[in-house]
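Close look at the chain arrangement
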Amino acid sequence: MDYTVGLVGAGIGPSLSPALHEREARRLGLRYRYVRLDLDVLGVPPECAGDVLARAQAEGFRGVNVTHPCKQQVLAHLDDISPDAAAIGAVNTVVFTDGRAVGYNTDRSGFARGLTTGLPGSCLDRVVLLGAGGAGAAAAYALRDLGTTDLVIVDTDAAAAARLAGKLDADHGTPAELSRLLARVDGLVHATPTGMAAHPGLPLPENLLAPHLWVAEIVYRPLDTALLQAARSRGCDTLDGGRMAVYQAVDAFALFTGITPDADRMIRHFAELVGSEEDNRAPSR
């Protein structure tokens with residue numbers, strides 16, 4: 001069987017998802033093609049994400065992954081949605097089957113697995129989550145799954161933070177309160193676009209980072225964000241977004257093909273892909 005899948009989002013040219021999926025598919029003996037459906041290249045706004053989905057379905061795609069800024073935009077264009085995705089209010093994987101488009105969210109499981117394997121033994125009781133969008137919502141539910149009892153959701157959009165907090169019986173705050181909030185928690189999860197290649201910078205003042213905190217990043221392009229660099233310089237344990245990227249891809253691959261891929265092998269694939277990019281960027285001698 002041939003599989004054609006895609007990635008819907010904006011500014012996704014640097015994404016490692018195509019190579020990550022296709023490498024694993026080759027190891028499994030599958031004919032598998034992964035296509036970027038970049039809104040910037042197509043010249044359409046996020047509001048047209050539904051049209052991009054319809055085009056992929058009409059062209060015989062098995063499904064698509066969905067990334068920033070379309071994880072919530074696609075909801076209105078689906079025939080069904082998994083309970084996880086419905087609770088989170090965001091979709092990152094759509095499977096086309098029997099003429100229907102069904103939405104799932106593998107960010108929740110991907111973040112949970114990435115956090116427990118990447119920061120083993122860290123205390124998860126009290127956490128500040130910065131960002132209440134689609135990725136932030138997935139991380140919030142994952143933290144609850146992992147036993148976080150004191151969760152504070154912070155966003156520049158106070159209404160969005162309040163809505164997500166209400167779903168989870170969590171607290172919410174504003175960026176102006178971060179100094180007070182971070183002083184009393186175990187960890188910080190960053191889930192805004194700040195730090196991505198197209199949105200460089202820090203999402204909070206560096207002096208708010210203290211050695212008692214662990215800092216987990218959802219952004220993985222670049223892998224070593226300005227936030228992670230600042231956190232390490234302040235003595236924090238850190239986790240990059242690579243593990244979440246891989247583990248959500250593991251679950252999406254299984255949804256597209258019905259075959260469970262080798263997660264450890266995909267972690268190695270990812271490391272090789274990142275290493276190859278770094279070698280290509282290094283100055284010649």
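Just so you know, these numbers come straight off a predicted model, no measurement behind them.

Some thoughts on helix α10 (residues 242–257)
- For α10, which comprises 16 residues, the first-to-last C-alpha distance of 22 Å matches the rise-based estimate of 22 Å (1.5 Å per residue) to within 8%.
- The complete set of buried residues in α10 reads G242, M244, A245, V246, Y247, Q248, A249, V250, A252, F253, F256 and T257.
- Within two residues after α10, G258 carries a phi angle of roughly 75 degrees, on the positive side.

Describing the pairing of strand β11 (residues 214–217)
- Of the two faces of β11, the one carrying W214 and A216 and the one carrying V215 and E217 are both buried.
- Bridge count between strand β10 (residues 187–190) and β11: 4 bridges; the pairing is parallel. The residue bridging G187 from the neighbouring strand is W214, located in β11.
- Direction of pairing for β11 relative to strand β12 (residues 237–239): parallel, over a ladder of 3 bridges. What sits directly across from A216, in β12, is L239.
- After leaving β11, the chain enters helix α9 (residues 226–233) and then returns to the sheet as β12, a path that is right-handed.

What about the side chain of S82?
- Along the chain, the position of S82 falls in the loop between β4 (80–81) and α4 (83–88).
- S82 gets classed as buried once you look at its relative accessible area, which sits at 12%.

Some points on the sheet that holds strand β3 (residues 63–66)
- Within the open sheet, the 6 strands sit side by side as β2-β1-β3-β5-β6-β4. Their pairing is mixed. Strand pairing shows two members of the sheet lacking a second neighbour, β2 (31–38) and β4, which therefore form its edges.
- Pairing between strand β1 (residues 2–9) and β3: 4 bridges, direction parallel. Counted as the bridge partner of V8 is V66 from β3.
- Here helix α1 (residues 17–27) sits on the sheet and contacts β2 and β3; the angle it forms with β2, its principal contact strand, is near 175 degrees.
- Lying on the sheet, helix α3 (residues 49–58) is in contact with β1, β2, β3, β5 (93–97) and β6 (100–104); it crosses β5 at an angle near 40 degrees.

Digging into the sheet that holds β10
- Spatially, 6 strands are ordered β9-β8-β7-β10-β11-β12 in an open sheet, and the strand pairing comes out parallel. Looking along the sheet, the strands with just one partner apiece sit at the ends: β9 (171–173) and β12. Here the average twist between neighbouring strands, direction ignored, is 20 degrees.
- Across 5 bridges, strand β7 (residues 126–130) lies against strand β8 (residues 150–154) in parallel orientation. Bridging across to β8, R126 finds its partner in D150.
- Relative to β8, helix α7 (residues 158–168) is tilted by about 160 degrees, and along the sheet it contacts β7, β8 and β9.

Observations concerning the packing of aromatic side chains
- For the structure on display, the rule yields 3 aromatic pairs.
- Their ring planes at 40 degrees and their centres at 6.1 Å tell us that Y3 and Y32 sit as a pair that is tilted. Separated by 29 residues along the polypeptide, Y3 in strand β1 and Y32 in strand β2 bring together distant segments of the chain. Comparing Y3 with Y32 shows no difference in burial state: the two are buried.
- Aromatic side chains Y220 and F270 sit 5.9 Å apart centroid to centroid with 55 degrees between the ring planes, which places their arrangement in the tilted category. In this pair, Y220 sits in the loop between β11 and α9 while F270 sits in helix α11 (residues 263–281), placing the two residues 50 residues apart along the sequence.
- Judged by its relative accessible area of 7%, F270 falls in the buried class.
- By way of ring pairs, the aromatic residues Y3, Y32 and F253 are connected into one cluster.

The rules we used
- Residues numbered from 1 in each chain as written.
- Predicted model: local features only at pLDDT ≥ 70, side-chain atom pairs only at ≥ 80, totals over all residues.
- Heavy atoms only, no water.
- Helix = DSSP H or I, 4+ residues; strand = E, 2+ residues; numbered from the N terminus.
- Expected span 1.5 Å × (residues − 1).
- Buried < 20%, exposed > 50% of the residue type's maximum accessible area, 1.4 Å probe, protein only.
- Pairing = 2+ DSSP bridges.
- Right-handed = clockwise from strand over helix to strand, strands pointing away.
- Contact = heavy atoms within 4.5 Å.
- Axes fitted to C-alpha atoms, helices over the stretch in contact; angles between N-to-C directions.
- Phe/Tyr/Trp six-rings, centres within 6.5 Å; stacked < 30°, edge-to-face > 60°.

No statement about biological role is implied by the geometric values presented.
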